[in-house]
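Commentary on secondary and tertiary structure
Residues per chain are reported as follows:
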Protein chains: 2
Amino acid sequence: MKIVVDCVGGDDSPKSAIFGALDALKQDRDLQVVLAGPIKSVQNVLEQEKYNSSRVHLLNCSEQIANDEIPSVAIRQKPDSSLVQGLKLLKEDSSVGGFVGQGSTGALLTGALLGLGRIKGLSRPAVCPILPNMNGGNVFILDAGANNENTPQHLYHFALMGSVYARAMGVSNPRIGLLSNGTERHKGMAMHQEAYNLIAENASLNFVGNIEGRELLSGNVDVVVADGYAGNIALKTAEGTALSVMHMLKKTIQNSFWAKVGALFMRSSFKKLKKVLYYTEHGGAIFLGVNKVVVKVHGAGTRQSICNAILQAKEMAKSNLIENIKELLSTQNSIDV
Amino acid sequence: MKIVVDCVGGDDSPKSAIFGALDALKQDRDLQVVLAGPIKSVQNVLEQEKYNSSRVHLLNCSEQIANDEIPSVAIRQKPDSSLVQGLKLLKEDSSVGGFVGQGSTGALLTGALLGLGRIKGLSRPAVCPILPNMNGGNVFILDAGANNENTPQHLYHFALMGSVYARAMGVSNPRIGLLSNGTERHKGMAMHQEAYNLIAENASLNFVGNIEGRELLSGNVDVVVADGYAGNIALKTAEGTALSVMHMLKKTIQNSFWAKVGALFMRSSFKKLKKVLYYTEHGGAIFLGVNKVVVKVHGAGTRQSICNAILQAKEMAKSNLIENIKELLSTQNSIDV
């Protein structure tokens, strides 16, 4: 199976994408990659590396979409961008299973929605990143920012998709929580209360009720359902706070001689923790609700995060994630919004 | 100046309240406290302590409001609760400057609004907790949960009140950020975009624009304005993440002999960091927008946090915080909602 890797748009592009792709090839023998981008700069990096050329394909694209461009305009005006061409290949070539990119989130979401189409019966797609929880597991948060404003029906569909996705990622009977400003059933705005009822009514979902931001990383819940606005704030607050705490710890250590001595002994423990916490080391956020597997990696993502995202995209394509979501939606008799 | 301390409703009541009050008396010679609660249980604790009885007053109250009671009902049905009696004393006795409680947040907010009245010209009150930022300073977040749903006018008033409060707490020319799902001006829902315009138009406010959750503790902003729903999620996510990171660090250390050795050297540094991060050690969240100083301490708050909240309440009463908010609102020619 092939995965398209966009070699444009990351802080360290095209190197992060190319090295990440070559790392992934080493870890999965059934994998092939399609490197999409300006061919010369891609070849410049490739030339210095050893790799099996039968597993690395090049998709030459002359255009590039920048982070500050208006997504819908950029998609239309740059048909030869790696984003548009890569998604086109994903749509048309059945040997291609997914797309991994670290450029503009807005452009990727718009491009995927326009180019691949929304899953039939689904009201709204959602971005679903994965954060490490306190118990060594993961938590899936959706929507983390694809939407600005949502309806109860949207949130209900997020719960369905999140549940299928978490299963595909190895969580059995995932516990679903609805992010709110309190745990009681009547918390949140009218929109959230209606969403609560819709999710609770579906007995096939393992719904644990409302959860507060405090529970996000507690490990008491596997899938966090939120409107795009609140989900984005929760995700970024969690990321920012983790970095802030590590920074505070560093500062506290620097102020004490003995703490500095202690920190030397703890170097490998700190490194491990950093690896867990820093989002740049993680895989990507999947874009759930379009007809193919699309994964967004943070712009500051390293080769490691690109590598993880490629392996993740291939796993998801192989696991029939999209087909499973389609099937669930068709059996839910959902009202299309 | 006297401060009323509610001796009911905390996890460790009445001890936390009484010990916190006695600690505060030691730190501020001009302070007097009124301990509100069932007189016998208060006296039982007091009996074993040394204190200057001329500075400790007792307000005997036979009723108690529990956390799970419906606020408006409880306030009406329990006129002899420490909450209702304490707020009444604050309203009627000019020698009393503020109220500190750690019981039900909803009951305290409702009681304060009904008992003390909303400041004239203000559209909505807000709860404003203080979190430590990465640079050793503080960040003030409002509204952190007094409201379920807000209008642009509410958020504009939060910006005004937050600015006055941060100044009273020693921040000169406080930088105000609007919490959103991106930094660009057009981010957020229509409500947030309108709030952006209202805040930006007021040249007396030091408005830095939209901020993401990532910036919450960065130190780049002093006051974070948010609707009550998003503000509550951001606050609790930050608190929860800080605790989760410390927990992960502990776990990582336990897995390594050398890390355990290192941790011994770092004991005092860890303690310092914990003190900064754990909300139970902090003072309280002020309830801005009512006609007197009301401070809510976390239910799990320790004697230390009660002590801090009492000193903070006295400072705020002395600094004419309420008068300054009133003055600012009256000069803003604001539309009352």
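The structure contained in this document is the topic of the report that follows.

Criteria and cut-off values
- Residues numbered from 1 in each chain as written.
- Chains lettered and ligands numbered in written order.
- Predicted model: local features only at pLDDT ≥ 70, side-chain atom pairs only at ≥ 80, totals over all residues.
- Heavy atoms only, no water.
- Buried < 20%, exposed > 50% of the residue type's maximum accessible area, 1.4 Å probe, protein only.
- Helix = DSSP H or I, 4+ residues; strand = E, 2+ residues; numbered from the N terminus.
- Pairing = 2+ DSSP bridges.
- Right-handed = clockwise from strand over helix to strand, strands pointing away.
- Axes fitted to C-alpha atoms, helices over the stretch in contact; angles between N-to-C directions.
- Parallel < 35°, antiparallel > 145°, perpendicular 65-115°, else oblique.
- Left-handed = near helix turned anticlockwise from the far one by under 90°.
- Contact = heavy atoms within 4.5 Å.
- Nonpolar A, V, L, I, M, F, W, Y, C, P; charged D, E, K, R; others polar.

1. Here we look at the pairing of strand β2 (residues 32-37) of chain B
Residue and element names in this part refer to chain B. Among the 6 residues of β2, 5 are classified as buried, and the element is accordingly described as predominantly covered. Pairing of strand β1 (residues 2-6) with β2, which is carried by 5 bridges, proceeds in the parallel orientation. Looking across to β2, one finds that Val 5 is bridged to Leu 35. In this view, the connection linking β1 to its parallel neighbour β2 by way of helix α1 (residues 15-27) has right-handed handedness. Crossover β2 to strand β3 (residues 56-60) through helix α2 (residues 39-46) is right-handed.

2. Re the packing of α1 of chain B against α2 of chain B
Residue and element names in this part refer to chain B. For the pair α1 and α2, interaxial distance at closest approach is 10 Å and the crossing angle is 55 degrees. As summarised for this structure, α1 and α2 are arranged oblique, according to the angle between their axes. Every pair of crossing elements has a handedness; the one defined by α1 and α2 is right-handed. Contacts from Lys 15, Ile 18, Phe 19 and Leu 22 of α1 reach α2 at Val 42, Val 45 and Leu 46. For the contact of α1 with α2, the per-class residue count stands at 6 nonpolar, no polar and 1 charged.

3. Comments concerning the environment of Leu 116 of chain A
Residue and element names in this part refer to chain A. Looking at the element boundaries, Leu 116 is found in helix α5 (residues 105-116). Through-space distance from the C-alpha of Leu 116 to that of Ala 317 is 14 Å; in sequence the pair is 201 residues apart. Apart from the residues lying within four places of it in its own chain, the contact partners of Leu 116 are Leu 87, Leu 90, Lys 91, Gly 111, Val 290, Asn 291, Lys 292 and Val 294.

4. What about the sheet that holds strand β6 (residues 130-132) of chain A?
All names here are of chain A. The strand order across the open sheet formed by 5 strands is β6-β7-β10-β8-β9, and the pairing between neighbours is mixed. Looking at which strands have only one partner, the edges of the open sheet turn out to be β6 and β9 (206-211). When strand polarity is set aside, the average angle formed by the axes of neighbouring strands in this sheet is 30 degrees. Of the strand pairs in this sheet, strand β8 (residues 175-179) and β9 are connected by 5 bridges, and their pairing is parallel. Each bridged residue has a counterpart across the sheet, and for Gly 177 the counterpart in β9 is Gly 209.

5. Remarks on the sheet that holds strand β10 (residues 223-225) of chain B
Residue and element names in this part refer to chain B. Taken in spatial order, the 5 strands line up as β6-β7-β10-β8-β9 in an open sheet, and their pairing is mixed. Looking at which strands have only one partner, the edges of the open sheet turn out to be β6 (130-132) and β9 (206-211). When the angles between neighbouring strand axes are averaged without regard to direction, this sheet yields 30 degrees. Where β6 meets strand β7 (residues 138-142), 3 bridges bridge the pair, whose relative direction is antiparallel. Looking across to β7, one finds that Leu 131 is bridged to Val 139. Running at roughly 160 degrees to β9, helix α7 (residues 190-201) makes contact with β8 (175-179), β9 and β10 of the sheet.

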